[in-house]
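Analysis of the macromolecular model
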Amino acid sequence: MLLLRGSVDHGYKLVIGLGVMQPEDLRRHVQTLQSTITSLLDGWTVVVCSHHQRMRDTTALLLPQLQYSASSTAELLALPLPETGQLLVLCDDDSPDGGAAELMTQLRERHGAKRCHFLLCLDAAIGGERLVRLWRLRPDGISCRESCGSGRLLQCVAVLLRNGRYEDPQLSDRIRQLLANTPLQQEAVVLSVKEEQLVRLV
């Protein structure tokens, strides 16, 4: 059973944890979610972009409706994506050519911000500044890679296909704490992963 509650500030939806599920229950749960997603896919194209083959392969297995897969922003931009309909992109922040910030920026410029929807799968240990910078780019969903088991990733996809928004509770708490400790006048400049690496070398 999928339980949702709204976040206070930004209308995100939080998927409540399901606890430990037995294999048979998990299979039924995943199959139900896959059927739900299939019923919601009209007009949508689903894409995954990750430098990690494990994420690409896992997404393909969980989402039989996945249509495109890429290992970098450049590779994703080179794909013959449809010129109409909505795009749902599942991605992490590990791409060697700019990470999620560069991917979101370029895809929105190429296909239009209204068409592009992003579910970020982030590491729990992502740096605070980087997390806030990505959040300020207004992705449709922010999930924690370590918490995507037991069908949670599919739950997130279903929420976004209903034009909802999702924010992992653990990362959401971190974002709130970071924002509370950041003066309002300090607007962060979003750097790509490569740019951040160059800054550290200076």
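All values reported here derive from a predicted model rather than from experimental measurement.

What counts, and where the lines are drawn
Residues numbered from 1 in each chain as written. Predicted model: local features only at pLDDT ≥ 70, side-chain atom pairs only at ≥ 80, totals over all residues. Heavy atoms only, no water. Helix = DSSP H or I, 4+ residues; strand = E, 2+ residues; numbered from the N terminus. Expected span 1.5 Å × (residues − 1). Contact = heavy atoms within 4.5 Å. Buried < 20%, exposed > 50% of the residue type's maximum accessible area, 1.4 Å probe, protein only. Core = buried A, V, L, I, M, F, W, Y, C linked by side-chain atoms within 4.5 Å. pLDDT = per-residue confidence, 0-100. Pairing = 2+ DSSP bridges. Right-handed = clockwise from strand over helix to strand, strands pointing away.

1. Observations regarding helix α1 (residues 23–40)
Given a rise of 1.5 Å per residue, 18 residues ought to cover 26 Å, and the 26 Å separating the end C-alpha atoms of α1 matches this to within 8%. Tucked inside the fold, the buried residues of α1 contact α2 (53–62) and α6 (152–161).

2. Regarding unusual backbone geometry
One non-glycine residue with positive phi stands out, namely arginine 138, at about 60°. Along the polypeptide, arginine 138 turns up in the loop between α5 (128–136) and β7 (141–144). Overall, arginine 138 belongs to the partly exposed group, its relative accessible area being 34%. Of note in the backbone geometry, asparagine 163 takes a positive phi value of approximately 65° without being a glycine. Mapped onto the fold, asparagine 163 is located in the loop between α6 and β8 (166–167). Asparagine 163 gets classed as exposed once you look at its relative accessible area, which sits at 61%.

3. Topic: the nonpolar core
If you look at the biggest cluster of nonpolar residues, it comprises 27 residues, and the most contacted ones within it are Leu76, Val89, Leu107, Phe118, Leu120, Leu122 and Leu134. Counting residues per element, the ones that place at least two in this core are β3 (44–49), α3 (73–77), β5 (86–91), α4 (99–111), β6 (116–122), α5, β7 and α7 (169–180). The leading source of residues in this core is α4, at 5 residues.

4. Let's talk about the confidence of the model for the protein chain
Close inspection of predicted coordinates is inappropriate for parts of the model with low pLDDT. Averaged over all residues, the pLDDT of the protein chain equals 84, while 81% of them reach at least 70. Here strand β1 (residues 4–6) is the element of the protein chain with the lowest mean pLDDT, 39, and β5 is the one with the highest, 98. Within the model, the stretch residues 184–189 combines pLDDT values under 50 with 5 contacts to residues more than four positions away or in other chains.

5. Description of the pairing of β7
In β7, alternate side chains face the same way, and those of Gly141 and Ser143 on one face and Ile142 and Cys144 on the other are all buried. Bridge count between β6 and β7: 4 bridges; the pairing is parallel. Pairing of leucine 119 across the sheet is with glycine 141, part of β7. The β-α-β motif built from β6, the intervening α5 and the parallel element β7 has right-handed crossover chirality. Two strands pair when backbone bridges link them, and β7 and β8 are joined in this way by 2 bridges, in the parallel orientation. Bridging across to β8, isoleucine 142 finds its partner in glutamate 167. In this region the chain leaves β7, passes through α6 and returns to the parallel neighbour β8; the handedness of that crossover is left-handed.

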